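Letter by letter, the chains look like this.
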Amino acid sequence: MRAFKRGLIFLIVNVIVGCAANYLLGTTPFTQKLMNEYHMYNCDIAILGQSHERTGFNPFIMNDEYNKNAFTFGEGGMTNDDIYGEIKELNKDGNLKEVYLGMDYGTWNDPVDKNFETEGFDGNSNTVWRWSMKNGVDLEYFWNMAKAQTYNDALFVYEANADTIRRIPERLRALRHPENLKNVKTQIQQPGAKILGGIYQYKGRGYLEGMKIREDSKYGMREFREERISEYKIRYFNKTASYCKENGIKLVCVTSAVPPERLAGEKHDQAHEFFQNLCDEAGVPYYDFNYAKSEYLYRTREDYVDAEGHMKGSLADRQTRLLMEVEQAEDSSIYFETNYDDVVAGLKSIEEAAA
């Protein structure tokens with residue numbers, strides 16, 4: 001009994017200290033900053049997925065030229081369960097109309113289901129789980145996260161650094177005037193911010209524009225193996241598709257085009273077939289821009305920031321316009337090759353001509 005009481009006291013003290021640290025040293029995780037900006041624009045269309053979606057589809061093109069009030073949340077490390085929770089949060093007021101969901105070769109092919117040390121969450125990846133609490137607890141997601149994180153990371157989001165320590169007086173003043181705390185927590189990404197020495201520039205609406213080639217870029221080719229894809233990933237994709245259908249949200253799956261050398265060196269035809277079958281079974285349209293005919297999406301290695309496939313802004317603009325055109329077409333198949341060898345051969349001839 002004494003050991004139980006000591007353990008209970010220890011737990012209570014830890015929770016009190018953790019909650020105090022959360023208040024005084026709390027951070028605004030990266031994805032939450034994007035959420036704040038999303039609501040500032042009153043968006044109703046979301047581009048979700050990985051970093052290829054964040055740099056490959058321009059929401060300003062969608063908004064300015066096609067009257068689609070879009071925002072992108074694409075971020076490296078986001079997995080299918082994260083995206084499921086994110087969609088539920090975006091739709092908490094029932095205003096979400098459409099989702100463009102990226103189907104990324106690398107992420108699906110990764111045998112690890114969860115990657116908690118991601119830029120997207122600044123080390124605080126429990127953020128999405130907290131959002132899902134508002135719309136019903138996803139116990140499977142919570143359990144997987146709890147297994148992968150330390151006690152501190154699983155329960156709290158404070159971060160002791162120079163910036164959060166500097167803000168302690170501001171937060172203490174907010175105890176007397178709680179309305180001021182909203183100003184402390186409601187932060188957004190600042191448009192115009194340069195990233196990685198000007199290789200990217202943040203434009204707003206979640207969009208990261210590639211500005212120039214990253215000279216030190218290297219990429220190791222990876223073989224696509226369907227047997228490595230876990231049932232967990234597939235289950236959460238299907239949960240996302242079902243949630244969208246039940247809530248009247250149009251779901252469109254897309255794969256952003258990668259550089260020609262990746263298509264030649266990896267088995268994107270196998271990935272394409274897997275994603276196509278998965279989407280067909282879920283009743284969701286799928287557009288793989290790796291298969292886009294060159295007359296509709298001309299691209300060479302010079303159109304990319306790096307060898308992995310993050311686009312420069314000019315190619316992202318063209319891919320975005322093509323997505324809008326494909327979505328509106330009566331017959332979208334005319335924009336795409338049907339044979340993978342034709343895809344590779346066509347891109348190779350473009351590269352040779354450019355050289």
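Residues numbered from 1 in each chain as written. Predicted model: local features only at pLDDT ≥ 70, side-chain atom pairs only at ≥ 80, totals over all residues. Heavy atoms only, no water.

Undergrad: Mind showing me how you'd approach the confidence of the model for the protein here?
TA: Note that predicted coordinates carrying low pLDDT should not be read in detail. For the protein, per-residue confidence averages 80 on the pLDDT scale, and residues scoring 70 or more make up 75% of the total. Note on residues 113-135: pLDDT under 50 across the span, and 77 contacts to partners over four residues away in sequence or across chains. (pLDDT = per-residue confidence, 0-100. Contact = heavy atoms within 4.5 Å.)

Undergrad: Help me understand the packing of helix H13 (residues 231-246) against helix H15 (residues 268-282), please; the structure alone is not making it clear to me.
TA: Interaxial distance between H13 and H15 falls to 10 Å at its minimum, and their mutual angle equals 40°. By the angle class used here, H13 and H15 are oblique. Between H13 and H15 lies a crossing whose hand is right-handed. Between H13 and H15, the contacting residues are Ile234, Phe237, Asn238 and Ala241 on the first element and Phe274, Leu278, Cys279 and Ala282 on the second. (Axes fitted to C-alpha atoms, helices over the stretch in contact; angles between N-to-C directions. Helix = DSSP H or I, 4+ residues; strand = E, 2+ residues; numbered from the N terminus. Parallel < 35°, antiparallel > 145°, perpendicular 65-115°, else oblique. Left-handed = near helix turned anticlockwise from the far one by under 90°.)

Undergrad: I'm lost on the sheet that holds strand S1 (residues 45-48) in this one. Help?
TA: In sheet architecture, strand pairing relies on hydrogen bonds along the backbone and comes in two forms, parallel and antiparallel. The five strands are arranged S2-S1-S3-S7-S8 in an open sheet whose pairing can be described as parallel. Two strands lie at the open edges of the sheet, namely strand S2 (70-72) and strand S8 (286-288), each paired on one side alone. Strand after strand, the sheet turns through a mean of 20° between neighbouring axes, direction not considered. Pairing geometry for S1 and S2, over three bridges, is parallel. Across the sheet, the residue bridging to alanine 46 is phenylalanine 71, located in S2. Against the sheet, helix H5 (residues 80-90) makes contact with S1 and strand S3 (98-102), and its axis sits at roughly 165° relative to S1, the strand it touches most. Contacting S3, strand S7 (250-255) and S8, helix H16 (residues 313-328) crosses the sheet at an angle of about 120° to S3. (Pairing = 2+ DSSP bridges.)

Undergrad: It is not clear to me how the environment of glycine 197 should be interpreted in this structure. Could you clarify?
TA: Mapping glycine 197 onto the fold places it in the loop between strand S4 (194-195) and strand S5 (200-204). The exposure class assigned to glycine 197 is exposed, which follows from its relative accessible area of 68%. With 17 residues separating them along the chain, glycine 197 and arginine 214 place their C-alpha atoms 9.8 Å apart. (Buried < 20%, exposed > 50% of the residue type's maximum accessible area, 1.4 Å probe, protein only.)

Undergrad: How do you make sense of the state of the cysteines when you look at a structure like this?
TA: Here a disulfide denotes a covalent bond joining the sulfur atom of one cysteine to the sulfur atom of another. Counted under the stated rule, the structure contains zero disulfides. Here cysteine 244 is not disulfide-linked; the sulfur of cysteine 253 is the nearest cysteine sulfur, at 8.8 Å. The class for cysteine 244 is buried, based on a relative accessible area of 1%. Looking at the unpaired cysteine 253, the closest cysteine sulfur is the one in cysteine 279, lying at 3.8 Å. For cysteine 253, a relative accessible area of 0% corresponds to the buried category. (Disulfide = S-S within 2.5 Å.)

Undergrad: I'm lost on the packing of H5 against H13 in this one. Help?
TA: Between two packed helices, both the angle of their axes relative to each other and the distance between the axes serve to describe the pair. The interhelical angle for the contact between H5 and H13, taken along N-to-C directions, is 20°, at an axis separation of 8 Å. The angle between H5 and H13 places the two elements in the roughly parallel class. By crossing handedness, the relation of H5 to H13 is classed as left-handed. Of H13, the residues touching H5 (which contributes Asn80, Asp81, Tyr84, Ile87 and Lys88) are Tyr232, Lys233, Tyr236, Phe237, Lys239, Thr240, Tyr243 and Cys244. Here the residues of the contact of H5 with H13 are counted per class, giving seven nonpolar, two polar and four charged. (Nonpolar A, V, L, I, M, F, W, Y, C, P; charged D, E, K, R; others polar.)

Undergrad: Can you walk me through the pattern of salt bridges in this structure?
TA: Opposite charge on two side chains permits pairing when their charged atoms draw close. Overall, the coordinates contain 14 salt bridges when judged by the stated rule. Residue glutamate 98 is joined to lysine 250 by a salt bridge in which the shortest nitrogen-to-oxygen separation is 4.0 Å. Of this pair, glutamate 98 sits in strand S3 while lysine 250 is found in strand S7, placing the two residues 152 residues apart along the sequence. Using a relative accessible area of 6% as the deciding quantity, one classes glutamate 98 as buried. Judged by its relative accessible area of 42%, lysine 250 is partly exposed. (Salt bridge = Lys/Arg side-chain N within 4 Å of Asp/Glu carboxyl O.)

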